[in-house]
Amino acid sequence: MAEYNVIGTSLAKVDAPERVTGKATYGADLDLPGMLWAKLVRSPHAHARIKQIDTSRAKALPGVKAVITAHDLPSLPKGATAPLVGEVSIDMSAIREIVMASDKARYHGQVVAAVAATDPFIAEEAAGLVDVDYEPLPVVEDVLQAMQPDAPLVHEDLHTLEEATQEKSDQPSNIATHMVYARGDVEAGFAAADAVVEKTYTTQMVHQGYLEPQACAARVEPNGRVTLWTSAQGHFTIRTQLVTLLGLPASQLKVVPMEIGGGFGGKALALFEPTAIVLAQKTSRPVKLVVSREEVLRATGPGAPAVITVKAGATQAGKITALTTTMRYDAGAFPGSPVARGLLVGLAPYKLDNMLAEGFDVLTNKPRVQAYRAPGGTPAAFAVEALMDALAAEIDVDPLAFRQKNAAEEGDTLPLGMPLNRIGLTQMLKQIETHPCWTSPLEGPQRGRGLALGYWIGGSFTSSAEVKINPDATASIFVGTVDLTGTRTTISQMVADELQLDPQDITITVGDTDSAPFADLSGGSRITYTMSAAAHQASQDVLTQLKERAAEKLKVSIAEVEYQAKRFWAKNDTRNEVSLAELARESVAWGSGPIIGKGSTTRMQPAHAYAAHVADVEVDPDTGKVTILRYTCFQDVGKAINPTQVEGQIQGGAVQGIGWALNEEYIFDNGELKNASLLDYRCPVALDLPMIETVLTEVPASEGPYGLRGVGEVPIVPPGAALANAIYRATGARLYELPMNPERIFWATRGNGANGSHETNGSGGA
Amino acid sequence: MDAFEYAAPQNLQDAVALLAEASGEARPLAGGTDLIAQMKENRRSPSLVVDVKKIPELNVLSYAAGLRIGAAVSCTQIAGFAPVRVHYPALAEACALIGSYQIQNRAALGGNFCNAAPSADAVPPAIAYGAMLVIAGPNGQREMPAEDFFVGPGQTVLEKGEVLVEIGLPPPPPHSGAAYLRFIPREEMDIAVAGVGAFVRLSPDAHTCEQARIVLAAVAPTPVRAKEAEAFLTGRALDETTLAQAGELASQAASPISDVRGSAAYRLELVKVLTRRTLGTALERARGEAA
Ligand SMILES: Cc1cc2nc3c(=O)[nH]c(=O)nc-3n(C[C@H](O)[C@H](O)[C@H](O)COP(=O)(O)OP(=O)(O)OC[C@H]3O[C@@H](n4cnc5c(N)ncnc54)[C@H](O)[C@@H]3O)c2cc1C
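Residues numbered from 1 in each chain as written. Chains lettered and ligands numbered in written order. Predicted model: local features only at pLDDT ≥ 70, side-chain atom pairs only at ≥ 80, totals over all residues. Heavy atoms only, no water.

Novice: Outline the site of the ligand, supporting the account with residue identities and numerical values.
Specialist: Residue and element names in this part refer to chain B. The ligand sits among 31 residues. The nearest are Pro28, Gly31, Thr33, Asp34 and Asp121. Here an oxygen atom of the ligand and a backbone polar atom of Asp190 are 3.3 Å apart. Contact with the protein chains removes 92% of the 980 Å² of surface that the ligand exposes when unbound. For the shell around the ligand, the secondary structure elements donating two or more residues are β2 (26-29), α6 (101-106), α7 (109-115) and β10 (163-169). The greatest single-element share of the shell around the ligand, amounting to 4 residues, is contributed by α7. Classifying every residue of the shell around the ligand by side-chain character gives 17 nonpolar, 8 polar and 6 charged. (Near = heavy atom within 4 Å. Polar contact = N/O pair within 3.5 Å; in protein donor to acceptor, adjacent residues only side chain to side chain. Areas by Shrake-Rupley, 256 points an atom, 1.4 Å probe, with all protein chains shown as cover. Helix = DSSP H or I, 4+ residues; strand = E, 2+ residues; numbered from the N terminus. Nonpolar A, V, L, I, M, F, W, Y, C, P; charged D, E, K, R; others polar.)

Put into structure tokens, the structure is as follows:
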């Protein structure tokens, strides 16, 4: 099928009415009879030994039904893991510590106890009555400091894993993992270069900025099973983690997905659910746990910052001859920063024959980071794309032409080893050449234009769908994937076209772990991509079953049955026909049986996504404030199933990247977050942004029925460098540290900023 | 947030009596955009909250011999009041940039004063226009210049039982103009890193400055007048150079701190820029060149 009626159109979101009328139920909307409220007790120290916890005063407060500490969680063998997605597994003993610290608080705001009480105010008061005896320890806050041999140890028993040899260091260290990827001969490459540029770039910890604070509720059913309601990115993933963490068999746990108010990677781990369940078990009453915005910012797990050194050389003709990079990613208090993804994303746009890429996963006394949209990608691309701009300037080659001379192509091998299947980078760069956002003159003082590339690998993993035909000749889709981005709509569009039905004839349900077919979590730009295969397969299954029945009625073989516009007919006799309506009606009649199609996919190839952003800025020379005049996103989307939703994803990602670039940052003082409110943690507001223009390239992905690529992550990758490069052209000053807030630009334009060496002056918000 | 009592008296005497006789901490409530947030964050825990929005004297908004603004009148009402837009554009500007539309619908000018944040945006233009405050308390009413109202961050001269009733601005003299500008890293929903309100009155030939008031926000424990800069401008012709010099002098009146919103050094630089720019707009208005 090449012609589509519904695919490729901007169908309105199928769940828009519930969403805009406030009827959609989120985790915090839950209200269960007899429900108790939980409140978490958090460490006021960024690093402290927990000597003793006395819960007696809290327990004595009327209305308090339970107080728990880490001792009340089932114990866990050290090194216990649970699968997350694909080959990635989670260290559940670390998760247990994040859920509730046992011996040591390793970041400010780490949970040390929890209470359940009859109302939220009593719970809050009781939380204040839990007496914790801490012995404060020296705090290590900065990645580079944490890597020093004499730095305070976040974990006394952690030794560096050398990834290549799988050996561990003799001495304990804050470096959890060290990895190296090499290709060609970098020394020879640099020797062949006409120009070499080396700089160090720094980014700060940032938050995903999802609108909805985490919320969940747990209830122990009369038969002893546990029901858990939660706003998470994947209820099956949450169940898998709980099975390990609480020792509950999967069958004893039903996880019900609530509507989710954004996640961006920050709601994949079971960090709150275990507490709600244990409190519910202890009290035999339903328990609800909702965290505050302040808790969200302080301690739920932000996006990882990094310090990245990049060195690259090029010939006068603009060909890159060698590149080395060292990426040091801050994981917070437990291992698991996205440093490997950083290396992948930063280098993926380029052909690199001679390359040496080194990564460090580093621990500090800061909240354990979580995934954040294209995890690891934004800092890496800020560094690499700003350096490429400087290198191109050094040899006086236009920044777009420089990218075109070095752009990766199908058949190349990515720097980390994976061969590239079909990609659209070259075609996308060609589109920029003639686009007005690039060709139009940018006049006026203090104005500049910047370009940067981005990449995201695009997740795969398991997705499943069931499609059934209803007696009124409509179809219902049943999935186990949480809708973060409008996937209910895109999946409906695919099934509508496959079954040749109107979109109004399709309903879609996200089911709980008892009822829906298994799926991995929603994230990594994987749902629409993998669901296209699963939904396609389920629809084909339905059509096959319908054709079998039609063949029987028409007294022909299945091969002779044709289907179009809700009618089946025999190839050789078009008057010999039966309607979908008739088959559908009969499917619920005695003796006929329902029609249920199934589809599932688990290992699709990656559908690589490339993007390029072009930004025009104006900088107020007196204050350092940036105004974005124009912002255009180019992206190879493979096939836009729903162009409006694709544009929405691109715009949303770009805006988050712009926030990361200009104003968002965690400001710490001895490990304590000083700006834990949306007033002082400055996400962009609508007035800060121009219309984000989008230009879609459609080079079909190598796999999947429609050639689509996941689109959600890559737009957050380029903004840092696109804006840094534009600011350079506007002011003549290069910035080496995000965010490029007014104060940093103010000092940098007065020759008083960071210079890309290791010392950053940190003047912004100091 | 702790439990508290709530009262909504219909007249001033009752409000004063409730506040004066309360045993614990008692706080008036206007729009609540400061107070409720502070209570939720346990930064204030009054045992009694007295809603002042039903008191007639606090809802006055009139322009005759000057402007009278009841302390409970919202920023939206003030910014939308035609005489304010015509005669006190700097105040209209400030009221229209506090928070967002939703915040402006709730936030009262009196609340902006009594919360006594050094960064309060509506205070500098009010002081620049020469505002007087009317205060009622158990011992009757008193009046004082607005600039004497502030003691420190979050602290005013108000004694137990006292309520701010009204903010009064004198009629703007001929050949005068004022403006307010603040600097924030974003375009809205932010707290001033620095703010400057300025008022100038020119000679009838519009050549020399006869009077200037410059009020700085967010760069000292309270809103402060930059008196040296004012004195420097008085009697001088105003041009780019003198305005820039006034900016330099104004920064000497500032004693900013470094915090998450900006360093002290940056704030001093901002005071210079904002003073120059604010005076420029005030000057245009005084000459009748700008709205
Ligand atoms: C999202 C957001 C954005 C904001 N943005 C800005 C901004 O841009 N600029 C800015 O300046 N402010 C801003 N604010 C702060 C706040 O909105 C203003 O200070 C507002 O003017 C306060 O007025 P209110 O009526 O809400 O005061 P309330 O919260 O009701 O009261 C403030 C304080 O004054 C006391 N009080 C109130 N009325 C009286 C009275 N008549 N007599 C004695 N005491 C009284 C109260 O007890 C309380 O301590 C913002 C607040 C929020 C929540």
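Novice: So what about the interface of chain A and chain B? Which residues, and what values?
Specialist: Listed as interface residues are 25 residues of chain A and, on the opposing side, 25 residues of chain B. Across the chain A/chain B interface, buried area totals approximately 2300 Å², and carbon plus sulfur atoms make up 53% of it. On the surface where chain A and chain B come into contact, there are 6 salt bridges. Between Asp622 of chain A and Arg276 of chain B there is a salt bridge, with its nearest N and O atoms 3.2 Å apart. At the boundary of chain A with chain B, the tally comes to 15 residue pairs in polar contact (both at pLDDT 80 or more). Within the residue set of the side of chain A that touches chain B, elements represented by two or more residues are α4 (120-128) and α20 (742-748) of chain A. Take the side of chain A that touches chain B: its biggest share by element is 4 residues, from α20 of chain A. (Contact = heavy atoms within 4.5 Å. Buried area = accessible area lost by both parts, 1.4 Å probe. Salt bridge = Lys/Arg side-chain N within 4 Å of Asp/Glu carboxyl O.)

Novice: Let's hear about the domain arrangement of chain B: which residues, and what values?
Specialist: Residues and elements named next belong to chain B. Under the domain assignment used here, chain B contains domain 1 (5-51), domain 2 (56-169) and domain 3 (176-286). In this structure, domain 1 and domain 2 have C-alpha centres spaced 18 Å apart. Contacts between domain 1 and domain 2 engage 13 residues on the former and 18 residues on the latter. With both sides pooled, the region where domain 1 packs onto domain 2 buries about 1200 Å², and carbon together with sulfur makes up 59% of that total. If you sort the residues of domain 1 by the area they bury against domain 2, Leu12, Val16 and Thr33 come out on top, with a joint share of 39%. (Domains from an automatic or database assignment.)

Novice: Requested: an account of the domain arrangement of chain A, with residues and values cited.
Specialist: All names here are of chain A. Domain annotation for chain A reports domain 1 (33-137 + 214-290), domain 2 (306-409 + 416-458 + 606-748) and domain 3 (460-601). Just the C-alpha atoms count here: the centres of domain 2 and domain 3 sit 40 Å apart. In this complex, domain 2 contributes 16 residues to the contact, which on the side of domain 3 involves 16 residues. When domain 2 packs against domain 3, the two sides together hide about 1300 Å² of surface, and 55% of this comes from carbon and sulfur. Counting the surface domain 2 buries against domain 3, the share from its top three residues, Ile641, Gln645 and Tyr706, is 34%. In this structure, the connection of domain 2 to domain 3 is made through 0 salt bridges. Inspection of the domain 2/domain 3 interface yields 8 residue pairs in polar contact (both at pLDDT 80 or more). The class makeup of the residues in the side of domain 2 that touches domain 3 is 8 nonpolar, 6 polar and 2 charged.

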